[in-house]
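Observations on the three-dimensional arrangement
Next come the chains, spelled out residue by residue.
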Amino acid sequence: MNDLHSSIVSDTDREQFEQEGYMILPGVIPDEHLALLREECAYFMGYMDSRMDAGLVDEGALSARDNRYFINNLYRYSHRLWQFIFSDLMADVCRQTLGPEAYLFHEQWVVKGPEKGKSFAWHQDSGYVKAVDPDTTHAPYLTCWCTLDAVNVDNGTVYLLPHSRGGTRGHIITHMRDVKTNDLVGYTGPDAGIEIDVPAGSIVAFSSYNLHRSGQNTTPSMRRVYLPQYTAAPVVNTQNGEQMNLAVPFLENGEIVYDHERDRAAAWGGIDRPRAAA
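Now for a quick tour of the structure. (Residues numbered from 1 in each chain as written. Predicted model: local features only at pLDDT ≥ 70, side-chain atom pairs only at ≥ 80, totals over all residues. Heavy atoms only, no water.)

1. Regarding the overall build of the protein chain
Tallying secondary structure elements over the protein chain gives seven helices and 14 strands in all. Over its C-alpha trace the protein chain gives a radius of gyration of 18 Å, about what one expects of a compact globule, namely 19 Å for 278 residues. By principal-axis analysis of the C-alpha atoms, the protein chain measures approximately 45 × 45 × 45 Å. For the protein chain, buried positions account for 52% of its 278 residues. For the protein chain, the share of sequence-separated contacts (at least 6 apart) that also reach a separation of at least 24 residues comes to 84%. In the form shown here, the protein chain has an accessible surface area of approximately 12900 Å², with 50% of it arising from carbon and sulfur atoms. Side chains of the protein chain give 23 positive and 37 negative charges; the mean places of these two sets differ by 6 Å. (Helix = DSSP H or I, 4+ residues; strand = E, 2+ residues; numbered from the N terminus. Rg over C-alpha atoms; globule rule 2.2 N^0.38 Å. Buried < 20%, exposed > 50% of the residue type's maximum accessible area, 1.4 Å probe, protein only. Contact = heavy atoms within 4.5 Å. Areas by Shrake-Rupley, 256 points an atom, 1.4 Å probe, with all protein chains shown as cover. Lys, Arg positive; Asp, Glu negative; His and termini not counted. Charge placed at Lys NZ, Arg CZ, Asp CG, Glu CD.)

What follows is the structure, encoded as structure tokens:
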């Protein structure tokens, strides 16, 4: 931790994250950023619907129109989403969990449609890395589950298993794939997990090793979550030595070093590395 920075994270929160892999920060997202996230979410849902209408989304994809949306790594096509991803708030959360070095690894919208949003099976986020790279030994990265709506059991909130209950401290489980939903499944035991019941504008921060799941949305409204993930170092595929996913510099020695001018869509073209100069 850099003592020059004040923090919204209490000592109790920090200790819980270190021991159990998660902490809950209710209502910490500023109103202006919450409004920004809601507007950007609507835009990207429309974008995904148009791709589905054009037949550009495979049947086996995790997203299903009006039901469940996973829209990932398109932040560069927004003129302002970076203002939240690389904000002072997210820098604070990263410092208190990952330490003084941080990179953006992944970002996605996770939306459950009204009255029919699907549930999502028990899994570790790192289980999806292991599915691609079975020999991975990457350090746990940070998932920030940011609520655009109040979440509870009725609209499909997240449930967490602390490390002490899931046996996940320092351990990535080999997951099985559900052929019906395409979900990876890392746990089928009897523990129902800790139900997260928080207002809109909250951050549930947890390790990529923590098992978590979510229920169905039985309400007449959408349940919207934005989920940026950060690592302390780039994640490398042990099979081929290539970088996995994103590795956008965010913090160096505890200070924000993100350079928006070098991170625009025109230079990158999606999630690939920057294009060479002509």
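There is more to say after this.
2. Side note on the pattern of salt bridges
Scanning the entire structure with this criterion turns up eight salt bridges. Across the pair Arg68 and Asp183 runs a salt bridge whose closest N-O atoms are separated by 3.2 Å. In this pair, Arg68 sits in strand β2 (residues 68–72) while Asp183 sits in the loop between β7 (176–177) and β8 (184–185), placing the two residues 115 residues apart along the sequence. Here the two residues Arg68 and Asp183 agree in accessibility, since each one is buried. The closest approach of N and O atoms between Arg264 and Glu261, which form a salt bridge, is 2.8 Å. Via salt bridges that share partners, Glu39, Glu40 and Arg80 belong to a single interconnected network. (Salt bridge = Lys/Arg side-chain N within 4 Å of Asp/Glu carboxyl O.)

3. Some words on the nonpolar core
With 44 residues, the main nonpolar core has Tyr75, Ile203, Tyr226, Tyr230 and Phe250 as its most contacted residues. Looking at this core element by element, the count peaks at eight residues for helix α2 (residues 31–53). Among residues more than four places away in sequence, those in contact with Tyr75 are Leu81, Ile85, Phe86, Leu104, Glu107, Tyr226, Leu246, Val248, Tyr258 and Asp263. Ranked by size, the runner-up nonpolar core spans 14 residues in total, among them Phe120, Val151, Val158 and Val204. (Core = buried A, V, L, I, M, F, W, Y, C linked by side-chain atoms within 4.5 Å.)

4. Description of the packing of aromatic side chains
A complete count under the given rule lists twelve aromatic pairs for this structure. Here Phe86 and Phe250 contribute two aromatic rings whose centre-to-centre distance is 5.3 Å and whose plane-to-plane angle is 80 degrees, an arrangement assigned as edge-to-face. Here Phe86, found in the loop between α3 (82–85) and α4 (88–97), pairs with Phe250, found in strand β13 (residues 248–252); they are 164 residues apart in sequence, far enough to count as distant. In this pair, the class of Phe86 matches that of Phe250, namely buried. Among the aromatic residues, ring-to-ring pairing joins Tyr75, Trp82, Phe86, Tyr230, Phe250 and Tyr258 into one connected group. Here the basic side chain of Arg213 rests over the ring of Tyr159, its NZ or CZ set 4.0 Å away from the ring centre. (Phe/Tyr/Trp six-rings, centres within 6.5 Å; stacked < 30°, edge-to-face > 60°. Lys NZ or Arg CZ within 6 Å of the ring centre and 35° of its normal.)

5. Regarding the environment of Leu251
Position of Leu251 relative to the elements: it lies in strand β13. Taking the C-alpha atoms as reference points, Leu251 and Glu101, separated by 150 residues in sequence, lie 4.9 Å from one another. With residues near it in sequence (within four places) discarded, Leu251 still touches Ala91, Cys94, Arg95, Gly99, Pro100, Glu101, Ala102, Ile256 and Val257.

6. Re the environment of Gly167
Tracing the chain through its elements places Gly167 in the loop between α6 (163–166) and β7. Under the relative-accessibility criterion, Gly167 is labelled partly exposed at 48%. Sequence separation between Gly167 and Leu211 is 44 residues; the distance between their C-alpha atoms is 9.2 Å.

7. Quick word on unusual backbone geometry
Despite not being glycine, Asn245 has its phi angle at roughly 60 degrees, a positive value. Even without glycine at this site, Asn253 takes up a positive phi of about 55 degrees. Topologically, Asn253 is positioned in the loop between β13 and β14 (255–256).

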